[in-house]
Every structure is written in structure tokens, then in C-alpha cells.
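Single-letter residue listing:
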Amino acid sequence: MVAASAGRFSEAGLAQLTEIVSHYPDPGGAILPALWLAQREYGGWLPAEAIVEVAARLGRPASEIQGVASFYTMYNMQQRGRHHIEVCTCLTCGCLGAYEVIDELERILGIHLGQATADGEFSLTEAECLNYCEAATVVQVGERYFGGVNAENAADLIARLRGSEECTPVSLSNAIVEAIVPGYFASSAHG
Amino acid sequence: MAELQVLLQHRNVPGIDGIDVYESHGGYAGLRAALGKERQGVIDEVKASGLRGRGGAGFPTWIKWNGLPKSGPAQHYLLCNADEGEPGTFKDRELLLKLPHMVVEGMAIAAYATRSTNGFAYVRGEFVESAAQLRKAIDQAYRRGYLGRNILGHSDFCFDLHIHTGAGSYECGEETALMSSLMGERGQPRLKPPHGPLPVVSGVWGSPTLINNVETYACVPHILTHGGAWYAAMGTQRSPGTKIFSVSGHVARPGNYEVELGTPLTELIELAGGVVGGALKAVIPGGSSVPILPAEKCAGVTLDYEGCQAAGTMLGSGGFMVFNDKTDIVALMRRTAQFYAHESCGKCTPCREGTRWMSRVLDRITSGAGRMEDIDLLLSICDQIDGRSYCPLGDAASWPIRAGIRNFRHEFEHWVRHGSSPISGFVPPVRSHGPASVPGRQE
Ligand SMILES: Cc1cc2nc3c(=O)[nH]c(=O)nc-3n(C[C@H](O)[C@H](O)[C@H](O)COP(=O)(O)O)c2cc1C
Ligand code: SF4
Ligand code: FES
């Protein structure tokens, strides 16, 4: 079902894509998961070649894949910082100090909301409700949530991230792929 | 009054996310009980329980289940709506994180009742940890014979369950948009009756499809284990059972609280430790989409579908947000409008344009440049969206703004007159919305 194509999918990635396609009665269903895979394989975002490769592998027009990918906010159509920081400013967090957190992060990082640091280490954006409101203010960095963030401890968060090896957009995509692809592959079928 | 925990009773038992501990606390007894009945018997049990959908609309669960074809060769699909995106709600995330087997068991029971052989849990993309917990539970359930072929030796029951993750879109929680997204499309809704088919007739890939919320499925094992009558004895007559409320905002102990439906609203605030930082000003009881309730209207309101409606609001998803008297309601409404403008899928004009205009007019008011006629302009935009949009997101964008103006019009007028907040010292945030990409590093 998965067609040959030039591109950057690893062997493991192709095996996972093959498994994913088998979950759906129509290969269209595999488009969203395939984009998650591509985002991991392409280093945390979806350059034009990634769209072209997903389209070729699934036998769809690239324009369709581009149209789908660009609808969803978690597919990065541009490269993010190595640590992509999303601060929830929605109803609860917004009333419990989220904007002070943003002011402090802007000050520490020397950037404004919607920007990235020149060294590419951090990007900063505002998020809609992350549905973790009991821990307001909530900050998401890739697959990790930080609760109870405030203007006082924001600097600790940045220090912690600076020391971390991770590239959050890649690790996020990887964690999602691991959750949607079972440990066993199609050949060893369920049950 | 105290909590009445049915779903959350064992949420803090160590290892309850694993299959052994879950089984030792009564897990999968509901599935065994279901398989001891005819399929219709399972639906009848759910009917007797009076269970209503916990995703927001409160639709009777059994009617949906009963609507799928009872015979014939068609492939049936079963979907779990775990796209929880309604601001203020965080119950499904905790259920999946701590009690994933309860959701798997509920889905398996529903699959048996509706002859569904293929299931997808559509999990919000941000819920990475919850998705990992669900993955683990699904794998364990396969190994124990609760999923897969001939479940528990039943010759006529096979059910495969997959996880599909979203990728950041509130609208994908709307059931037909979720189906579009599952099929690999942009998350835009489809026609429903009277213009299109019900999902139980023609849903995902044109097949009969059942969709329920995470919490709805989590209720099902308990109903099958203890009986529909037992469940119906809790709550009120028209809103039976318990409901999880996600309490957040200005309370001492925010978190998920499970109470009987019909519990007084003020008791839930007390359960969460009471209001902090000032006196109670307002409550949004059911997620950002429902009308805000000012403090003076909270007394006597009961938390059930009818009680909330009588008070002029809705139970919704149970996202219960509490605000003290330091809260600027106009700024809160501005942020609400920003949410809907961001999440509008763009398919229909009233919502796509209207949510944007609401957001811009509210920006103008909170920037200090508002005009008195802007308040009625907002109301007129609400009227032009409500009932005129393709799916309920548009309606849901207009309700909170309209209620905000009706209940707190004096605060809007204060903003217009003085160019500043009625709350002393409150400075509204002015924000940009750039893409946060790395400069010069696009290949
Ligand atoms: C804009 C919008 C967002 C929604 N988001 C969710 C959601 O995140 N989770 C959910 O279960 N239902 C959500 N719903 C309701 C679903 O359309 C649907 O009614 C529900 O999944 C049915 O399940 P239930 O009968 O078990 O409640 C949403 C509806 C709309 C209009
Ligand atoms: S109301 Fe219209 S534009 Fe808004 S989300 Fe629904 S279909 Fe999309
Ligand atoms: S408002 Fe921030 S997580 Fe919900």
C-alpha cells in the first residue's frame, strides 16, 4: 500500500507507515498519522519535500496533503525553535497569571510572542486551552506539560530547557507515533 | 454534601492504569456481564440507566446505540471522542491517564451492542501522555482477550481498537468534523439531518458509526456490572447518574470532582475549597461555550441538564470555571472571542467572519477605543451567527458573548466611557499572533 518514493523516511518509519495504513479501510485515514511520522523524520517540521514525500507514499496529490497539513496547528509548516514554548492564555490561565508569565519569558528570551531566538533555541507562542486548567498557568513544550508556572519560576523553566538535549518538536512527534503504532506490526496481526 | 465517585473511585489506587489492578477492582466484569446478554439486552440496560452523553449535548446514549442496523453485512465503526478541547474541561484527559481500561472496556461493550468490529479513539494531539496510557491499556487488553478476535471466547464478537491522534483543532471535537479528520481531511463538519444522514446510518467511510465521549464510555462498565436501575437511582429523574466536573479558576483546590447530577452549584464550589482571592463574581458552569452566570444568579441552581437550562445556562461538558471579583469580564469575553475566531474552521461565512469581527470589536473596546454602539454591534453580530452557521461552533461562539453583555453590560459601558477597566489596576494584555518560526532557518 505504501508506494516507493524519494525522501527521508527511515526504514523504521516506513515500517510504521505500512502498519498505520493497515489500520484504515481507506489509505486516506493514514494521512494525519503519516504527517506525524513525516514531522519526526524531517526534524520537527514539514518542509515542502515532506509534503511531497507523504503524497507520493500514499498516492495522493501534494496539494491535498498541503491543504490538510496546513489546517492543523500542530503540524509545523515552518521550523520552530529547538524548544517550542506554548503558554496557555485561555480563560482560566489568562485569569491566573498567564500574561505575566509571557511578559517574563519575553524579557528572559529577548523576543516577543510569535518569535524565535536568533540561535534557534527557543520559540514562544500563545496557546488555546490545553485542558489542564487545574494546573494554571500551563506551559506546553513539545510532549511535556508544565503546570503552576508563574513569573517567579519562569526562569527555572528556561534554565531546565537550556540544559536539556531534546528537540521538542521531534520528540513530540515521536511520542505520538509511538502511541498510535502498536508494538506489533501488521504481519503479526492482532489477536 | 460530598462527592459520589463511581468513575473516579479508584483513580488514586497505585497501578489502576494496569490491567491486573484494574481487574482486581472489578474491571472487565461489565464486559463479561454484557457478553452474557443478547445485544439488545445490553442496549436495554443502558436505556434503563438513563445515561446521557457526557460530551456536551446530553443526548440519550441508548437511542444512538439503538440506531445502528441490527442485521446486515455492513461494517460498523465505533469512535471514541477524546478530542477534549472545550476550554475549562479536563476530565477526559484524566480518565485516559489514570483509568484507560475503563474507557477500553466501555468501548468493547458498546462494540458488542452495536455489532461494531472496528474502533478508533480520536485522541487530542496534545494529550501525549494520555494517548500513551491508552496504548498500553489497549495492548494489555488484546493480550487478555478483551480485544481482537472472538473476545472472551464469543464466537460472534471481534473488535479491533486503534488510536488516531488529532493535530490541533477544537472543531475536530464536533462529531462530523472528527469523522472528516479521521478520514484524512481538513477538520470540517458534514451535513446532518434534516439535510444529511445521521452518523449511525452513514458516518465514517459511509458506514454506520457510533460516536460517544470518553466519559460516556467510562460509565458503561459500571452500568453493566451493577445494572441500569442502580445507575438511574443516582442523580435526578431526567438527569440520572454522576457527572465529572472540572473545576478551575479562583478556587482553593481546582481539579476533577464527581458528583451526583442535581448537586447544588454552590456545593461544588465548596467541594473545591471555596472561592479564593475575593468574593465570587461569576461562574461558567459547562465550558467556554455556555452562558456565564453572575454570582447573584448562582444560588439555587442545580447541576443537572434541566437545572442549568432553567438558570439560563447549560451543563455542557462540565468545565466549571470560577471567577472572583478581581476578574474583568470584558477582557474575559475578549479572550473567549479570540478562542472562537482562532478555532472557526472557515467553512461557513457567519461563523468565519462573525467570530473575527467579534474578536476585533472586543479588542477595540479593551484597547480603550470602544464606542458605545459597539456593545449593540456585538449583540447584532451574535444574532447573525446564532442559528445561521453550519455547525454548533458558531452558535457556541455567540452564546457566551451575548450572556456576558446581558449580565455585565455596565462593565462594557465602563470600558467605553473611561477607556479603562472597572477593575482597578487591571491592564488588558495586547498580543500579537506570529508564527514563532525560526528566522532564516526555513530551508
Ligand atoms: C465545536 C464542538 C466541539 C466539540 N468538542 C467535543 C469534544 O472535545 N469532546 C466530545 O466528546 N464532544 C465534543 N463535542 C460534541 C460532539 O459533537 C458529540 O456530540 C459527542 O462526541 C457525542 O458524544 P456523547 O453523546 O457521548 O456526548 C463538540 C461539539 C462541537 C460543536
Ligand atoms: S460554524 Fe461554520 S465556520 Fe464555524 S466551525 Fe462550524 S462549519 Fe466551521
Ligand atoms: S485555560 Fe489554560 S489549560 Fe485550560
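Computed from a predicted model, the values in this text were never measured in an experiment.

## Observations concerning the state of the cysteines
- A complete count under the given rule lists zero disulfides over all chains for this structure.
- Unpaired in terms of disulfides, Cys382 of chain B finds its nearest cysteine sulfur in Cys351 of chain B, a separation of 12 Å.

## Digging into the domain arrangement of chain B
All names here are of chain B.
- As far as domains go, chain B holds domain 1 (19-232), domain 2 (242-324) and domain 3 (329-418).
- If you average the C-alpha positions of domain 1 and of domain 3, the two centres end up 35 Å apart.
- Across the domain 1 to domain 3 interface the summed buried area is about 860 Å²; carbon plus sulfur atoms make up 65%.
- Linking domain 1 with domain 3 are zero salt bridges, by the criterion used here.
- Our count for the contact surface shared by domain 1 and domain 3 stands at four residue pairs in polar contact (both at pLDDT 80 or more).
- Classifying every residue of the side of domain 1 that touches domain 3 gives four nonpolar, four polar and four charged.

## Looking at the sheet that holds strand E1 (residues 77-82) of chain B
Residue and element names in this part refer to chain B.
- One open sheet accounts for four strands, arranged E3-E2-E1-E4; its pairing is parallel. Edge positions in the sheet fall to strand E3 (160-165) and strand E4 (209-213), since each of these pairs with one other strand and no more. In this sheet, neighbouring strand axes are inclined to one another by 20° on average, regardless of whether the strands run parallel or antiparallel.
- Pairing between strand E2 (residues 118-123) and E3: six bridges, direction parallel. Bridge pairing in E3 links Tyr122 to His164.
- Its contacts with the sheet place helix H9 (residues 214-226) against E1 and E4, and it is angled at close to 90° to E4.

## Focus on the site of ligand 2
Residue and element names in this part refer to chain B.
- Around ligand 2 sit 13 residues, and of these Pro189, Cys345, Cys348, Cys351 and Cys391 come closest.
- If you map ligand 2 onto the pockets, it falls in the largest cavity.
- Here the shell around ligand 2 is composed, by residue class, of seven nonpolar, four polar and two charged.

## Comments concerning the sheet that holds strand E3 (residues 139-141) of chain A
All names here are of chain A.
- Taken together, four strands build an open sheet; the order of strands is E2-E1-E3-E4 and the sheet is mixed. Pairing within the sheet leaves two strands with one partner each, and these edge strands are strand E2 (122-127) and strand E4 (144-146). Here the average twist between neighbouring strands, direction ignored, is 25°.
- On top of the sheet, helix H6 (residues 98-109) reaches strand E1 (83-88) and E2; it is set at about 155° to E1, its chief contact.

## Re the environment of Arg335 of chain B
- On the secondary structure map, Arg335 of chain B appears in helix H13 (residues 329-343).
- Owing to a relative accessible area of 3%, Arg335 of chain B belongs among the buried residues under this scheme.
- Those residues in contact with Arg335 of chain B, other than ones at most four positions away along the chain, are Thr89, Cys90, Leu91, Tyr99, Glu126, Ala127 and Glu128 of chain A.

## With respect to the side chain of Arg82 of chain A
All names here are of chain A.
- With respect to the helices and strands, Arg82 occurs in the loop between helix H4 (62-69) and E1.
- Separated by 2.6 Å, the side chain of Arg82 and the backbone oxygen of Glu166 make a polar contact.
- Arg82 has contacts with Gly120, Glu121, Phe122, Leu161, Arg162, Ser164, Glu165, Glu166, Cys167, Thr168 and Pro169, leaving out every residue within four places of it along the chain.

## Here's the deal with the site of ligand 1
Residues and elements named next belong to chain B.
- Close contacts around ligand 1 come from 19 residues, with Gly55, Lys64, Asn212, Asn213 and Thr216 the closest.
- Between Gly85 and ligand 1, the recorded distance is 3.4 Å, taken from a backbone N or O atom to an oxygen atom.
- In this structure, an oxygen atom belonging to ligand 1 sits 3.0 Å away from a main-chain N or O atom of Glu175.
- If ligand 1 stood free it would expose 610 Å²; the protein chains cover 90% of that surface.
- Going through the elements one at a time, E4 and helix H16 (392-418) are the ones with two or more residues in the shell around ligand 1.
- Residue contributions to the shell around ligand 1 peak at three residues, all from E4.

## What about the pairing of E1 of chain A?
All names here are of chain A.
- For E1, the buried fraction is high: five of the six residues fall into the buried class.
- The pairing of E1 with E3 spans three bridges and is classified as antiparallel. Each residue of the ladder has a partner; that of Glu86, found in E3, is Gln140.

## Examining the pattern of salt bridges
All names here are of chain B.
- Counted according to the given criterion, the structure contains 37 salt bridges over all chains.
- Taking the shortest distance from any N to any O, the salt bridge between Glu45 and Lys37 comes out at 3.1 Å.
- The buried category is assigned to Glu45, whose relative accessible area is 19%.
- Overall, the relative accessible area of 28% leaves Lys37 in the partly exposed class.
- The partner of Arg409 in a salt bridge is Asp376, with the nearest N and O atoms 3.1 Å apart. Remark: Asp376 occurs in helix H15 (residues 373-385) and Arg409 occurs in helix H16; sequence separation between them is 33 residues.
- Several salt bridges converge on common partners, so that one network encompasses Lys91, Asp92, Glu215 and Lys243.

## As for H9 of chain B
Residues and elements named next belong to chain B.
- In terms of residue burial, H9 counts as a mostly covered element, since eleven of its 13 residues are buried.
- Of all the positions in H9, only Val214, Glu215, Thr216, Tyr217, Ala218, Cys219, Val220, Pro221, His222, Ile223 and Leu224 are classed as buried.
- Between the side-chain oxygen at the start of H9 and the backbone nitrogen of Glu215 there is a gap of 2.8 Å, and the oxygen is on Asn213.
- One or two steps after H9, the chain reaches Gly227, where phi turns positive at roughly 100°.

About the criteria used
Residues numbered from 1 in each chain as written. Chains lettered and ligands numbered in written order. Predicted model: local features only at pLDDT ≥ 70, side-chain atom pairs only at ≥ 80, totals over all residues. Heavy atoms only, no water. Disulfide = S-S within 2.5 Å. Domains from an automatic or database assignment. Buried area = accessible area lost by both parts, 1.4 Å probe. Salt bridge = Lys/Arg side-chain N within 4 Å of Asp/Glu carboxyl O. Polar contact = N/O pair within 3.5 Å; in protein donor to acceptor, adjacent residues only side chain to side chain. Nonpolar A, V, L, I, M, F, W, Y, C, P; charged D, E, K, R; others polar. Pairing = 2+ DSSP bridges. Helix = DSSP H or I, 4+ residues; strand = E, 2+ residues; numbered from the N terminus. Axes fitted to C-alpha atoms, helices over the stretch in contact; angles between N-to-C directions. Contact = heavy atoms within 4.5 Å. Near = heavy atom within 4 Å. 1 Å grid on protein atoms, 1.4 Å probe; cavity = no way out; pocket = protein on both sides within 12 Å on 5 of 7 lines; lining within 4 Å. Sits in = over half its atoms within 2 Å of the grid points. Buried < 20%, exposed > 50% of the residue type's maximum accessible area, 1.4 Å probe, protein only. Areas by Shrake-Rupley, 256 points an atom, 1.4 Å probe, with all protein chains shown as cover.

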